[in-house]
Every structure is written in C-alpha cells, then in structure tokens.
Amino acid sequence: MRRGPGSEFFSALLPDAAHQVVFVGYRARGTLGAKIQHYGPNGGYVDIDGTRIHIGAEIITLSGYSAHADQHGLLRFVLGMRTRPQQVRIVHGDNEAKQALQQAFKQHGVGAVIALSE
C-alpha cells in the first residue's frame, strides 16, 4: 500500500497490543483504514510502504459518528470520555482545520499531533 497521511503512525503503533486504534465513521473500500478495520480484529496484517505489519493493537470502530463531525462534536466526544486519551492523532482534514482542532484539544489539556501529509 502506498504511503499516505498517518501511515508512519500506523506502522509504529499497529504491532503493539498496548495500543488501541479507534476509527470513527466510514472507511472507503481499499484504503489502509478499511484494511486495518477488516483484518485487525482477527490478528491479521496490512502492508504499508512495502512492509508487512502484523496487527497486535486493538481495533475499535465507532459507527454512530459521522466522519465529517465538526470540531465541537469531536471535542465533545473526546472530552466526554471517562478516561481521556493522553494524545489524539489528527490524520484527516485540510491543514487549517487540523491546526484549529489541534489547538482546541490543547486548550482543553489533551495533547494532539497532526500527521504529516505528503
């Protein structure tokens, strides 16, 4: 699979059972995300940048949320968690929107990292 935004994070995090990968909403067929959703719960693997990555992380899909939720909805979701994540990785959206979301998370004490895009 060709390298895309976020693939460096997936390569590093997917093998480790200490991690959880949470997908919110729909993943298009044939995308890396869709493959992780399909093969991850069964302990499968995906190919990223020509390297086979075995999936040890827990894969979670939340289908009740839109993939296009606004900033307020995303903040409400994360801030409403019983145990807030130490860090959120922002991997989708235009640069201005990603930066605004990152700042909003930081203002609420949640670390946020923007994935590098090509």
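For the structure itself, consult the block above.
This section reports on the structure supplied with the text. (Residues numbered from 1 in each chain as written. Predicted model: local features only at pLDDT ≥ 70, side-chain atom pairs only at ≥ 80, totals over all residues. Heavy atoms only, no water.)

**Some thoughts on the pairing of strand E5 (residues 87-90)**
Moving residue by residue along a regular strand, the side chains alternate between the two faces of the sheet. By the alternation rule, side chains of E5 split into Val88 and Ile90, which are all buried, and Gln87 and Arg89, of which none is buried. Relative to strand E6 (residues 111-114), E5 runs parallel, the two sharing four bridges. Counterpart to arginine 89 in the pairing with E6 is valine 113. Taking the sense of rotation as the criterion, the β-α-β connection linking E5, helix H4 (residues 95-107) and E6 turns out right-handed. (Buried < 20%, exposed > 50% of the residue type's maximum accessible area, 1.4 Å probe, protein only. Helix = DSSP H or I, 4+ residues; strand = E, 2+ residues; numbered from the N terminus. Pairing = 2+ DSSP bridges. Right-handed = clockwise from strand over helix to strand, strands pointing away.)

**Some details on helix H2 (residues 32-39)**
By the burial criterion, the buried members of H2 are Leu32, Gly33, Ala34, Ile36 and Gln37. Taken together, the buried residues of H2 touch helix H1 (7-13), strand E1 (20-24), strand E2 (45-48) and strand E4 (58-62). (Contact = heavy atoms within 4.5 Å.)

**Here we look at the nonpolar core**
Grouped together as the largest cluster of nonpolar side chains are twelve residues: Phe10, Leu14, Val21, Phe23, Leu32, Ile36, Val46, Ile48, Ile53, Ile55, Ala57 and Ile59. When residues of this core are traced back to their parent elements, those giving at least two are E1, H2 and E2. Excluding its chain neighbours within four sequence positions, the residues that come into contact with isoleucine 55 are Leu14, Ile36, Tyr39, Gly40, Gly43, Gly44, Tyr45 and Val46. (Core = buried A, V, L, I, M, F, W, Y, C linked by side-chain atoms within 4.5 Å.)

**Details of unusual backbone geometry**
At aspartate 49, a residue that is not glycine, the phi angle is positive and equals roughly 50°. You can see aspartate 49 is positioned in the loop between E2 and strand E3 (51-54). Overall, the relative accessible area of 39% leaves aspartate 49 in the partly exposed class.

**Overview of the pattern of salt bridges**
For the coordinates displayed, the defined rule picks out one salt bridge. Aspartate 47 is paired through a salt bridge with arginine 52; the nearest N and O atoms lie 3.4 Å apart. Look at arginine 52 and you get partly exposed, because its relative accessible area is 45%. (Salt bridge = Lys/Arg side-chain N within 4 Å of Asp/Glu carboxyl O.)

**Let's talk about the environment of valine 113**
Its place among the elements puts valine 113 in strand E6. What makes valine 113 partly exposed here is its relative accessible area of 25%. For the pair formed by valine 113 and glutamine 102, sequence separation is eleven residues and the distance between their alpha carbons is 6.9 Å.

**Quick word on helix H3 (residues 71-79)**
Buried within H3 are the following residues: Gly73, Leu75 and Val78. Looking at the buried residues of H3, the elements they touch are E5 and H4.

**Some remarks on the side chain of glutamine 37**
As for its placement among the helices and strands, glutamine 37 is situated in helix H2. The class for glutamine 37 is buried, based on a relative accessible area of 19%. For glutamine 37, the side chain forms a polar contact with the side chain of threonine 61, separated by 3.0 Å. In contact with glutamine 37, not counting residues within four places along its chain, are Phe23, Gly25, Arg27, Ile59 and Thr61. (Polar contact = N/O pair within 3.5 Å; in protein donor to acceptor, adjacent residues only side chain to side chain.)

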